[in-house]
Number of protein chains: 2
Amino acid sequence: MSYIVKKKIATATKELMSVKPFSQLSVTTIMAEAHLRRQTFYDYFEDKYAVLAWIYNDDIQAIIKDNLDYEHWTVVLHHMLHYFQANQAFYQKALAIHDQNAPEQAISEHITQLIERVLTEFSHKENVKLSPAYRDFLQKILTASLVSELRQWIMSPTPRPLDLETKYLQTFLEDMTNGVVLRHQHDPRYLHQPFPHANPPTGFPNQ
Amino acid sequence: MSYIVKKKIATATKELMSVKPFSQLSVTTIMAEAHLRRQTFYDYFEDKYAVLAWIYNDDIQAIIKDNLDYEHWTVVLHHMLHYFQANQAFYQKALAIHDQNAPEQAISEHITQLIERVLTEFSHKENVKLSPAYRDFLQKILTASLVSELRQWIMSPTPRPLDLETKYLQTFLEDMTNGVVLRHQHDPRYLHQPFPHANPPTGFPNQ
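All values derive from a computational prediction rather than experimental measurement.

Chemist: Kindly report on the domain arrangement of chain A, identifying the contributing residues and their values.
Modeler: Residue and element names in this part refer to chain A. Each assigned domain of chain A is listed with its residue range as follows: domain 1 (1–45) and domain 2 (49–184). The partner domain 2 presents 14 residues to the 14 residues of domain 1 that form the contact. In this assembly, domain 1 packs against domain 2 so that about 1200 Å² is buried in total across both faces, 75% of it on carbon and sulfur atoms. For domain 1, the biggest contributors to the area lost against domain 2 are K14, M17 and F22; these three give 51% of the whole. Applying the counting criterion to the domain 1 and domain 2 interface returns three salt bridges. Between D58 and K7 there is a salt bridge, with the nearest N and O atoms lying 2.9 Å from each other. Our count for the contact surface shared by domain 1 and domain 2 stands at five residue pairs in polar contact (both at pLDDT 80 or more). Looking at which element gives the most residues to the side of domain 1 that touches domain 2, the answer is helix α1 (residues 2–17), with eight residues.

Chemist: Requested: an account of the UniProt feature "DNA-binding region" (unreviewed entry) in chain A, with residues and values cited.
Modeler: Under the UniProt annotation, the feature "DNA-binding region" (unreviewed entry) is placed at residues 26–45 of chain A. For the annotated span residues 26–45 of chain A, helix accounts for 55% and strand for 0% of the residues, and the straight-line distance between the end C-alpha atoms is 13 Å.

Chemist: Just give me the short version of unusual backbone geometry, but keep the residues and values in it.
Modeler: All names here are of chain A. Look at H35: it is not a glycine, yet its phi comes out positive at around 55°. The residue H35 is located in the loop between α2 (27–33) and α3 (41–44) in this model. With relative accessibility at 72%, the residue H35 sits in the exposed group.

Chemist: Describe in detail the packing of helix α4 (residues 48–63) of chain A against helix α8 (residues 103–125) of chain A, supporting the description with residues and values.
Modeler: Residues and elements named next belong to chain A. Direction vectors running N to C along α4 and α8 enclose 25°, while the axes themselves pass 9 Å from each other. Judged by the angle between their axes, α4 and α8 are roughly parallel. Where α4 crosses over α8, the two elements pack in a sense that is right-handed. Seen from α4, the contacting residues are Y56, N57, I60 and Q61; seen from α8, they are P103, A106, I107 and H110. Across the contact of α4 with α8, the residue classes break down as five nonpolar, three polar and no charged.

Chemist: Describe the interface of chain B and chain A, with residues and values.
Modeler: At the interface, 65 residues of chain B touch 65 residues of chain A. A buried area of about 5800 Å², summed over both sides, lies between chain B and chain A, and 62% of it is on carbon and sulfur atoms. The interface formed by chain B and chain A contains four salt bridges. Between the two partners, chain B and chain A, sit 17 residue pairs in polar contact (both at pLDDT 80 or more). Of all the elements in the fold, those that place two or more residues in the side of chain B that touches chain A are α4 (48–63), α6 (73–86), α9 (132–155) and α10 (162–184) of chain B. For the side of chain B that touches chain A, the leading source of residues is α10(B), giving 16 residues.

Chemist: Now, about the pattern of salt bridges: what can you tell me, with residues and values included?
Modeler: Throughout the structure, instances matching the rule amount to 24 salt bridges over all chains. Note that R189(B) is salt-bridged to D187(A), the shortest N-O span being 2.9 Å. With R189(B) in the segment after α10 and D187(A) in the segment after α10 (162–184), this residue pair bridges two chains. Accessibility expressed as a relative area gives 39% for R189(B), which makes it partly exposed. Three or more residues joined by partner-sharing salt bridges are found here, namely K7(A), K14(A), D58(A) and D59(A).

Rules and cut-offs
- Residues numbered from 1 in each chain as written.
- Chains lettered and ligands numbered in written order.
- Predicted model: local features only at pLDDT ≥ 70, side-chain atom pairs only at ≥ 80, totals over all residues.
- Heavy atoms only, no water.
- Domains from an automatic or database assignment.
- Contact = heavy atoms within 4.5 Å.
- Buried area = accessible area lost by both parts, 1.4 Å probe.
- Salt bridge = Lys/Arg side-chain N within 4 Å of Asp/Glu carboxyl O.
- Polar contact = N/O pair within 3.5 Å; in protein donor to acceptor, adjacent residues only side chain to side chain.
- Helix = DSSP H or I, 4+ residues; strand = E, 2+ residues; numbered from the N terminus.
- UniProt positions renumbered as here; feature names shortened; annotations may be inferred.
- Buried < 20%, exposed > 50% of the residue type's maximum accessible area, 1.4 Å probe, protein only.
- Axes fitted to C-alpha atoms, helices over the stretch in contact; angles between N-to-C directions.
- Parallel < 35°, antiparallel > 145°, perpendicular 65-115°, else oblique.
- Left-handed = near helix turned anticlockwise from the far one by under 90°.
- Nonpolar A, V, L, I, M, F, W, Y, C, P; charged D, E, K, R; others polar.

So this is what it looks like as structure tokens:
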């Protein structure tokens, strides 16, 4: 019951955001659009920002978490991009709102599960044992890179076509994992510079 | 002459930020610290935020741009991390200020030159021709991932040691470029899933 009411409020908010700026939405206009009593709003949400946060979580969870168990991550990635394209106007407005409930954070929490799947798949298939510390680093940096790229793609006035964007992101992730495999196999073709440990040069900016 | 005065004002601002919050700094306190007439400030900067932006640019340019011509990018990467470690307290405060002159943007503009060098080096050495569109994508996403990781590292109360962080970032970039090379050589060991172009499933969240 709670979920159905929340979904109604969320749908009404999305509808309204397609015709007017978020700053012009009030609890009154949202609940009128949802055909619900104004006071009911506060049984479910603290304010209109909380509705946005709920939308990101609910939608993106439906695409990523609920699909990762029976779809390959490449398919989930494609679905996710399709979702953002279909909701581009909504996310353009949402991403432009500067506040604490930034959609990046909600998106990030779900994308990290997708990345987790990417890392588990290749390390299992190729029997590559990443150290827990490096795996943690890799999961974070890949999550951040996907979130950042998605933001650019959503905000772009001339975004790349859906299939091309999917292909680029999949290639990016596959190039990375193939590089990791090659390195772990100690392949002589793996190109690598020694790590520098020299002291910094004199005249080095410092405080 | 102009540069020397700016540098004095910048140094005074950095000094003050090591002892008090940025919100408590005024043009008066900055210029007193710099032993300069208060009014002189406005010949060089619009406000105290402009001083921060100037510091990011001046320092990071001295490390990245001015060194990339005669040092390998792995050395420049190491110097850059050393700089952020030495200035960690300053950047922790700077990154916490929410305003338009976010340090991420200044950092990003210089890091993109480092990434440019990474891409040029391996594509030249291995004779890999990236399409201009994919190269542009790769430069942007790698720049964003480094900026994001640096932010995490700077803000962390328990950051990884300098040499380990350098090693992780270098490995991340080298794994990526090695993956690109393997793919371009059409190596049969390159692991790749076909790109999905299926229609999204029914019940797909949409607006």
